[in-house]
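Results of the structural survey
Spelled out from the first residue to the last, the chains are:
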Amino acid sequence: MKIFNTKQEIKSFIRTQGESNKTIGFVPTMGALHEGHLSLIKKAKKKNDIVVVSIFVNPTQFNNKEDLVKYPKTYKNDTRLLESVSCDVLFFPSVEEIYGNNILPIKFNFDGLEHQMEGKFREGHFNGVGTIVKALFEVIKPHNAYFGEKDFQQLKIIKKMVEKHHLNVEVIGCEIFREKDGLAMSSRNSRLNNKQRTSASFIYRTLEKARDKFETENAAKTTEWVDKQFKKHPSLELEYFTIADEKTLESLKNKESDKKYRAFIAVFAGEIRLIDNIRLKTN
Ligand code: PAF
């Protein structure tokens, strides 16, 4: 695996690949890699000649300083995992390499997608995500880029950015990878202590039950039921549970049979914030 730390080095590598018509698949990450990331890389390997992974803990997308400081950093293990799935290139730049000394996000307009759910609770988060993903796309110029559906809102926002800025990349969403007990894989899971880790499986269990409830109940009743379950839970704290239209991410008022809906959730286990979502059935 080749490792590049500067934009100039990776740009010149990408140029040579372009000259021999190689397709580039790209998986952007913030490191602390897990099976979920590896599944994206494996998917990228199937469709592209060269797979590039970036590891960059992007400061402009953290609305909470402590979350940034405590974000797990496991570079040695990450490179070992990347080698194990035959990743071709790792791009591992410093903050200065990406931002110079102007660590500020660009202000985007994502046609309202940014004001829903995560946007309400993590001020400026999606400007930070848009800034780094756009910058990485400009350096790596991938043909295909892979993102997990755990961050479904992020995936929608990146697709919107690509559309609005006419970027020449196909954004591919990949299904959520789960632990055996249903917990969605996330780099933040490694910060959970044993007790929190055990409790965290309650999140997906509740989402599954909410999905079943939603088959016969409306969104308000289902939401009320979820609120109640978390009020009774001794350690998890619900930040939000929302049933939203997959296309607009606006919360649902009345079910319409031709629309696709998802339930989205954010929960605190102690100071660790976990998110998840599930596709709902409409009959
Ligand atoms: O999903 C993530 O890990 C990050 O938001 C991303 C897309 C790598 C941008 O920093």
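Placed above this text is the structure.
Rules of the game
Residues numbered from 1 in each chain as written. Predicted model: local features only at pLDDT ≥ 70, side-chain atom pairs only at ≥ 80, totals over all residues. Heavy atoms only, no water. Near = heavy atom within 4 Å. Polar contact = N/O pair within 3.5 Å; in protein donor to acceptor, adjacent residues only side chain to side chain. Areas by Shrake-Rupley, 256 points an atom, 1.4 Å probe, with all protein chains shown as cover. Nonpolar A, V, L, I, M, F, W, Y, C, P; charged D, E, K, R; others polar. Phe/Tyr/Trp six-rings, centres within 6.5 Å; stacked < 30°, edge-to-face > 60°. Buried < 20%, exposed > 50% of the residue type's maximum accessible area, 1.4 Å probe, protein only. Lys NZ or Arg CZ within 6 Å of the ring centre and 35° of its normal. Helix = DSSP H or I, 4+ residues; strand = E, 2+ residues; numbered from the N terminus. Expected span 1.5 Å × (residues − 1). Arc of directions from axis to C-beta. Contact = heavy atoms within 4.5 Å. Pairing = 2+ DSSP bridges. Axes fitted to C-alpha atoms, helices over the stretch in contact; angles between N-to-C directions. Parallel < 35°, antiparallel > 145°, perpendicular 65-115°, else oblique. Left-handed = near helix turned anticlockwise from the far one by under 90°.

Focus: the site of the ligand
As a structural note, the neighbourhood of the ligand is formed by Pro28, Thr29, Met30, Gln61, Ile132, Phe147 and Gln154. Gln61 is positioned such that a nitrogen or oxygen atom in its side chain is 2.6 Å from an oxygen atom of the ligand. One of the side-chain nitrogen or oxygen atoms of Gln154 is found 2.7 Å away from an oxygen atom of the ligand. When the free accessible area of the ligand is taken as 290 Å², the share hidden by the protein chains comes to 89%. Here the residues of the shell around the ligand are counted per class, giving four nonpolar, three polar and no charged.

Here's the deal with the packing of aromatic side chains
Counting across every chain of the model gives 11 aromatic pairs. The interplanar angle of 45° and the centroid separation of 5.4 Å between the aromatic rings of Phe4 and Phe13 together place this pair among those described as tilted. Note on Phe4: relative accessible area 12%, which makes it buried. What links up through ring pairs into an aromatic cluster is the set Phe26, Phe137 and Phe147. Against the face of Tyr204 rests Arg178, its NZ or CZ located 3.6 Å from the ring centre. Here Lys255 stacks its cationic end above the ring of Phe214, 4.0 Å away from the centre of that ring.

Re helix α11 (residues 219–232)
Over its 14 residues, α11 extends 20 Å from the first C-alpha to the last, a length consistent with the 20 Å expected when each residue adds 1.5 Å. For α11, the full list of buried residues reads Ala219, Thr222, Thr223, Val226, Gln229 and Phe230. Looking straight down α11, one finds that the buried residues subtend no more than 120° of arc, so they occupy a single side. Structural note: α11 exposes Ala220, Lys228, Lys231 and Lys232 on the side pointing more than 90 degrees away from its buried face. Taken together, the buried residues of α11 touch α10 (201–213), β7 (236–245) and β8 (261–269). You can read the cap of α11 off the contacts: a side-chain oxygen lies 3.3 Å from the backbone nitrogen of Ala220, and it is on Asn218.

Here's the deal with the sheet that holds strand β9 (residues 272–279)
Spatially, β7-β8-β9 is the arrangement adopted by the three strands of the open sheet, whose pairing is antiparallel. Unpaired on one side and paired on the other, β7 and β9 mark the two borders of the sheet. Across the sheet, the axes of successive neighbouring strands diverge by a mean angle of 15°, strand direction being ignored. Across eight bridges, β8 lies against β9 in antiparallel orientation. What sits directly across from Ala269, in β9, is Ile272. Packing of α10 onto the sheet brings it into contact with β7, β8 and β9, and relative to β9 it is tilted by some 30°.

Points about the packing of helix α7 (residues 125–140) against helix α8 (residues 152–164)
At a closest axis distance of 10 Å, the pairing of α7 and α8 adopts a crossing angle of 55°. Classified by the interaxial angle, the pair formed by α7 and α8 is oblique. With respect to the hand of their crossing, α7 and α8 are arranged in right-handed fashion. Residues Phe126, Val129, Gly130, Val133, Lys134 and Phe137 of α7 form the contact with α8, whose participating residues are Gln153, Gln154, Ile157, Ile158, Met161 and Val162. Here the residues of the contact of α7 with α8 are counted per class, giving eight nonpolar, three polar and one charged.

A short note on the side chain of Gln116
Mapping Gln116 onto the fold places it in the loop between α5 (95–99) and α6 (118–121). By relative accessible area, which is 15% here, Gln116 ends up buried. Aside from chain neighbours lying at most four places away, what touches Gln116 is Gln153, Thr248, Leu249, Glu250 and Ser251.

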